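Chain residues, written in single-letter form:
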Amino acid sequence: MERFSGKSVYKGITMGSVVLLDKADCQVKRGKTEDTDAEAARVRAAIEQAREQLGSLYDKAVKEVGEANAAIFEVHQMMLEDEDYLESIDNIIRTENVNAEYAVAITGDNFAEMFAGMDDDYMRARAADVKDISNRLVNNLYGHKEIDFSSMEPSIIVADDLTPSETVQMDKEKILAFVTVHGSTNSHTAILARMMNIPALVGVPVDLERIHNGMTAVVDGFSAEVIFEPTEEVCAKTQERIREEKEKNLLLQDMRGKETVTRGGREVKLYANIGCVSDVGYVLENDAAGIGLFRSEFLYLGRLDFPTEEEQFQAYRQVVQTMAGKKVIIRTLDIGADKQADYFNLGKEDNPAMGYRAIRICLKQPDIFKTQLRALLRASVYGNLSIMYPMIISTDEVRKIYGIVEEVRQELEEQGIPYTLPEQGIMIETPAAVMISDELAELVDFFSIGTNDLTQYTLAIDRQNERLDDFYNPHHKAMLKMIQMVVDNAHKCGKWAGICGELGADIDLTEEFVRMGVDELSVSPSMVLRIRKCIREIAF
Ligand code: PEP
Ligand code: MG
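Residues numbered from 1 in each chain as written. Chains lettered and ligands numbered in written order. Predicted model: local features only at pLDDT ≥ 70, side-chain atom pairs only at ≥ 80, totals over all residues. Heavy atoms only, no water.

1. Digging into the overall build of the protein
Quick reminder of the rule: Only runs of H or I of at least four residues qualify as helices and only runs of E of at least two qualify as strands under DSSP, and these elements are numbered from the N terminus. Using C-alpha atoms as the atom set, the radius of gyration is obtained and then compared with a globule rule of 2.2 Å times the number of residues to the power 0.38. The cut-offs for exposure are 20% and 50% of the maximum accessible area for each residue type, with area from a 1.4 Å probe on protein chains only; residues under the lower value are buried, those over the upper are exposed, and the others partly exposed.
Scanning the protein for helices and strands turns up 19 helices and 16 strands. Taking 24 Å as the expected radius of gyration for a compact globule of 540 residues, we find that the protein reaches 24 Å, a close match to that expectation. Along the first, second and third principal axes, the C-alpha set of the protein runs to 80 × 70 × 45 Å. Scored against the burial criterion, the 540 residues of the protein give a buried share of 55%.

Rendered as structure tokens:
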């Protein structure tokens, strides 16, 4: 038995078998070789393996998303036959006497850069494909295995680190817990774990070389510990605690169907945050009164090309229809920083959290923005949809957004496509937006405070940097003063203000938020009933 401590992201307890997520995005090492023929042969074997993998991915995708969307895997198969690409790999191996992994990685980088610099949109988009192909080959060369979620039993995923796009692609039914060596408690991967309602630990100093698939582990999000190969006694105690937790959760079920209102009669709108269409199930299960934040960018992650207008329309329509008249606030894409999709070709930035992200991309590349807005205005016909814009820093940006929305509205009108113009609000997640919230309140229908980024930008602490977790303090006085200012400025204009960052689910502050006049809290679905219970006990 071995025990490791980390930082807990979600308080829950589970036990099960381990699946080690082996990834190739560890640094590819340059190695010297004399036997260049052998390295070239390894490349050929890796290509053969990739062909088979892509063939089965194509078959699976045809069944699940149709032939048109599956075609990308055929494109990848064709790329594996590209002579220039193959010659470049071979040439690097033979002229530099290096290992196959290095030659593939360098070729991938060179080709991706070349595609990214082309004028033609289609060719530019191929940069992400060539990177994907090269990663697949490097994975095969290193012997890393992809997890086959379809045949996997529900398991505990152990990994060095997880990106949001990896997390979002996982089959949630098959995951009991996450344990990662790296990662910050404020990252989007952590937020996804909370959303999925599963115990998760980050910053666990475990040597992955010693972990193997099929080991048993206990993940305890309360004590922030993972225990590999637990003794029989620990297993029995864990089973008992799992039972107790289930009972506590059952007691919370009493809160279903009740109003979210203090003992003194003050009502708070209690909504839930989601990242994809299937999360609506958690929202209904936990009886939230609406969706306060649909992180629409997750529709863009873990794929090889932009989601089309139709795909987005279907996703938004399904969510608003399922919510049957309850409010659904959809945030426009907040890509960038830690949420990366290669096909956006955002390029490397020294400071991505302060970089080209969210509304900045939408305003600079209005075609991407317009596709999403068209889908949103069309879906709005089917229910109670509101749009929310992220990372706003000026009134000018809001005016520009309204200009683009108006263009989209006119286009739909001219094309005779049914639409409605939804309510439009903004996220307050930059200190600039806080300081001009009086002016912004006049322009928009509502505010939702993104405390995750607001903490990052107010305290000058990168939320992704695990070494700064101890300094990242959303309870900082500056934060509480800012929240009060935003609420007051919203109310002066007759608008409402809520919180959709993780702080909204912090039970230590719930009473303070109510006293501050916060109108809405949007939290991960698993927190809804707990917060309702807390609010119903407040005397205010
Ligand atoms: C926030 O910043 O608080 C927020 C809700 O948005 P995200 O966490 O997705 O950046
Ligand atoms: Mg944010």
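2. Quick word on the pattern of salt bridges
Where we set the bar: When a carboxyl oxygen of Asp or Glu lies within 4 Å of a side-chain nitrogen of Lys or Arg, that pair is called a salt bridge.
Taken as a whole and assessed by the stated rule, the structure comprises 37 salt bridges. With its nearest N and O atoms 2.8 Å apart, the salt bridge here joins R42 to E39. Note that R42 and E39 are positioned in helix 1 (residues 36–65) at a spacing of 3 residues, about one turn of the helix. Given a relative accessible area of 28%, R42 falls into the partly exposed group. What makes E39 buried here is its relative accessible area of 11%. In this structure, R94 and D90 form a salt bridge, with 3.0 Å as the shortest nitrogen-oxygen distance. With R94 and D90 both in helix 3 (residues 83–96) and 4 residues apart, the pair spans about one turn of that helix. Residue class for R94 comes out partly exposed when judged on its relative accessible area of 35%. Linked through salt bridges whose partners overlap, the residues forming this network are E297, R331, D334, K339, R357, D453 and R463.

3. A look at the coordination of the magnesium ion (ligand 2)
Going by this rule: Donors, by definition, are the N, O and S atoms found within 2.8 Å of a metal, the threshold being 3.2 Å for Na, K and Ca, and water is not counted, so a site can look incomplete.
Every protein donor of the magnesium ion (ligand 2) is listed here as E429 (OE) and D453 (OD), and their distances to the metal cover 2.0 to 2.1 Å. Taken as a pair, E429 in the loop between strand 13 (423–428) and helix 14 (431–435) and D453 in helix 16 (residues 451–459) lie far apart in primary sequence, 24 residues in all. Classification of E429 as buried rests on a relative accessible area of 2%. The exposure class of D453 is buried, given its relative accessible area of 3%.

4. A few points about the site of ligand 1
The cut-off we apply is this: One heavy atom suffices: a residue is near a molecule or strand as soon as one of its heavy atoms comes within 4 Å of it. Identification of polar contacts relies on pairs of N or O atoms within 3.5 Å, with a donor-acceptor requirement for protein atoms, meaning one able to donate a hydrogen and the other able to accept it, and with residues adjacent in sequence counted only if both atoms are side-chain atoms. Under the scheme applied, nonpolar residues are Ala, Val, Leu, Ile, Met, Phe, Trp, Tyr, Cys and Pro; charged residues are Asp, Glu, Lys and Arg; polar residues are all the others, including Gly.
Around ligand 1 there are 16 residues in total, and H188, R295, R331, G450 and N452 lie nearest to it. One of the side-chain nitrogen or oxygen atoms of R331 is found 2.8 Å away from an oxygen atom of ligand 1. One of the side-chain nitrogen or oxygen atoms of E429 is found 3.0 Å away from an oxygen atom of ligand 1. For the shell around ligand 1, the element with the highest residue contribution is helix 16, accounting for 3 residues. Of the residues in the shell around ligand 1, the class split is 4 nonpolar, 5 polar and 7 charged.

5. Observations regarding the packing of aromatic side chains
Applicable threshold: Pairing of aromatic rings covers Phe, Tyr and the six-membered ring of Trp, with a centre-to-centre limit of 6.5 Å; geometry is then stacked below 30 degrees between planes, edge-to-face above 60, and tilted otherwise. Sitting over a ring, as applied to charges here, requires NZ of Lys or CZ of Arg to be within 6 Å of the ring centre and within 35 degrees of the ring normal.
Tallied over the full model, the rule gives 10 aromatic pairs. One aromatic cluster in this structure is built from Y300, F306, Y343 and F344. Over the aromatic face of Y382 sits the side chain of R317, whose NZ or CZ is 6.0 Å from the ring centroid. Positioned above the aromatic ring of F313 is the side chain of R378, whose terminal nitrogen or guanidinium carbon lies 4.0 Å from the ring centre.

6. As for the side chain of E297
For clarity, the threshold we go by: We call two residues in contact whenever any of their non-hydrogen atoms come within 4.5 Å of each other.
Mapped onto the fold, E297 is located in the loop between strand 10 (290–295) and helix 10 (309–322). With residues up to four places along the chain from it excluded, the contact list for E297 reads R331, T332, L333, D334, I335 and K339.

7. Notes on the sheet that holds strand 8 (residues 225–228)
Note the following rule: Strand pairing is defined by DSSP finding a minimum of two bridges between the two strands. With axes taken as lines fitted to C-alpha atoms, and helix axes fitted only over the stretch in contact, angles between N-to-C directions fall between 0 and 180 degrees.
Taken in spatial order, the 8 strands make up an open sheet running 1-8-7-3-4-5-6-2, and their pairing is mixed. With partners counted over all chains shown, the strands left at the sheet margins are strand 1 (2–5) and strand 2 (7–10), one partner each. Along the sheet, successive strands turn relative to each other by an average axial angle of 30°, direction set aside. Here strand 3 (residues 13–21) pairs with strand 7 (residues 216–220) via 5 bridges, running antiparallel. Across the sheet, the residue bridging to S17 is T216, located in strand 7. Helix-sheet contacts for helix 7 (residues 188–196) involve strand 2, strand 5 (175–180) and strand 6 (200–202), and the interaxial angle to strand 2 is about 50°. Lying on the sheet, helix 8 (residues 232–252) is in contact with strand 1, strand 3, strand 7 and strand 8; it crosses strand 3 at an angle near 115°.

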